[in-house]
Amino acid sequence: MREKLQQIYEFGPLSRFTRKQRITIQAADLAFYGLIRTIGSTIKFETSGWEHVESTGGSGKAPIYALWHDRIFGGTYFLRDRGIVVMTSQSLDGEYIARFLIRFGFGAVRGSSTRGAVGALVEMIRAARNSVPTAFTVDGPRGPRYEAKMGPVMLAKKTGFPILPFSVECEKYWTVNSWDQLQIPKPFSRACFMVGDPIFVPPYSDETMLSSNQKALQSSLDELVRRGKEWKNGLTP
């Protein structure tokens, strides 16, 4: 079991990709790693709701982090080197994301809501039951933007561990022209890492209860985005 978990923190083979794709993956991996580390080191973070992270750890239950895909830049840097396992897509994009996440001390399970979902969820369950924290970009890998999927809810049901919705609001950032409108913080910006109330999913949950918890996750993430805008507006003279 320990060997199986260790593999999650190692680069996966690239043999299924063409030579051109392998070069693209390796180049993108290093580029994003360098960009996130360089800019991230200049950001001045503050936190809101961090007590939820501390109380979850104190209870002996590994948190299931959940965030919107456009906040992955700030979230990656802030949560680095914590051994958090993330589900990534099996696509070319998902592979270079998995590689730079591993460089930041994350683990990566290949799968998504569209490909390899069942096997990946099994791996996430195995990791969580070994007290490993996990994370989902809940509107990934391809959207729709800001629509929460069921992954973290199912993992919470299977493990009894709480979902911790969070968001990262940056004072200043660039927006990438992509489906998620990825936010890249500008150097030396301030940022707020905000955590919502834990969401617990009972193991006996039926489809109606699961749907209710999915809506609760959606509502919490929407509220964190709203609070982030208020925080940013408060910085304006």
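Okay, so let's go over this structure. This structure is a prediction, so every number in the text was calculated from the model and none was measured.

Quick look at helix α8 (residues 207–235)
1) Next: When the terminal C-alpha atoms of α8 are compared, their 43 Å separation across 29 residues agrees well with the 42 Å that a helix rising 1.5 Å per residue should span.
2) Next: Tucked inside the fold, the buried residues of α8 contact β1 (44–48), β2 (64–67), α7 (151–159), β6 (163–170) and β9 (190–195).
3) Next: A side-chain oxygen of the first residue of α8 lies 3.2 Å from the backbone nitrogen of Thr208; this N-cap is Asp206.

Brief notes about the pattern of salt bridges
1) Next: Across all of its chains, the model carries 13 salt bridges by this definition.
2) Next: Where salt bridges share partners, they join Asp70, Arg71, Arg145, Glu169 and Lys232 into one cluster.

What to know about the pairing of strand β4 (residues 107–110)
1) Next: The pairing of strand β3 (residues 85–88) with β4 spans four bridges and is classified as parallel. Within the sheet, the bridge partner assigned to Thr88 lies in β4 and is Arg110.
2) Next: Between the parallel pair β3 and β4, the chain is carried across by helix α5 (residues 92–103), and the sense of this crossover is right-handed.

Notes on the nonpolar core
1) Next: Among the nonpolar cores identified, the biggest contains 35 residues, and Val138, Leu155, Ile163 and Leu217 are the most heavily contacted of them.
2) Next: Put simply, the parts of the chain that give this core at least two residues each are β2, β3, α6 (117–129), α7, β9 and α8.
3) Next: Each residue touching Leu155, except ones within four places of it in the same chain, is listed here: Ile64, Leu121, Met124, Ile125, Ala128, Thr134 and Phe136.
4) Next: Core analysis: the second largest hydrophobic core is formed by 34 residues, Ala28, Trp50, Leu101 and Ala135 among them.

Re the sheet that holds β6
1) Next: Here we have seven strands laid out as an open sheet, ordered β1-β9-β6-β2-β5-β3-β4, and mixed in their pairing. Of all strands in the sheet, those bounded by a partner on one side alone are β1 and β4. If you compare each strand with its neighbour and ignore which way they point, the axes differ by 25° on average.
2) Next: Note: β2 against strand β5 (residues 134–137), four bridges, orientation parallel. Each bridged residue has a counterpart across the sheet, and for Ile64 the counterpart in β5 is Thr134.
3) Next: In the packing of α5 onto the sheet, contacts are made with β3 and β4, and the angle to β3 comes to roughly 165°.

How each quantity is defined
Residues numbered from 1 in each chain as written. Predicted model: local features only at pLDDT ≥ 70, side-chain atom pairs only at ≥ 80, totals over all residues. Heavy atoms only, no water. Helix = DSSP H or I, 4+ residues; strand = E, 2+ residues; numbered from the N terminus. Expected span 1.5 Å × (residues − 1). Contact = heavy atoms within 4.5 Å. Polar contact = N/O pair within 3.5 Å; in protein donor to acceptor, adjacent residues only side chain to side chain. Salt bridge = Lys/Arg side-chain N within 4 Å of Asp/Glu carboxyl O. Pairing = 2+ DSSP bridges. Right-handed = clockwise from strand over helix to strand, strands pointing away. Core = buried A, V, L, I, M, F, W, Y, C linked by side-chain atoms within 4.5 Å. Buried < 20%, exposed > 50% of the residue type's maximum accessible area, 1.4 Å probe, protein only. Axes fitted to C-alpha atoms, helices over the stretch in contact; angles between N-to-C directions.

In short, geometric facts, not functional conclusions.
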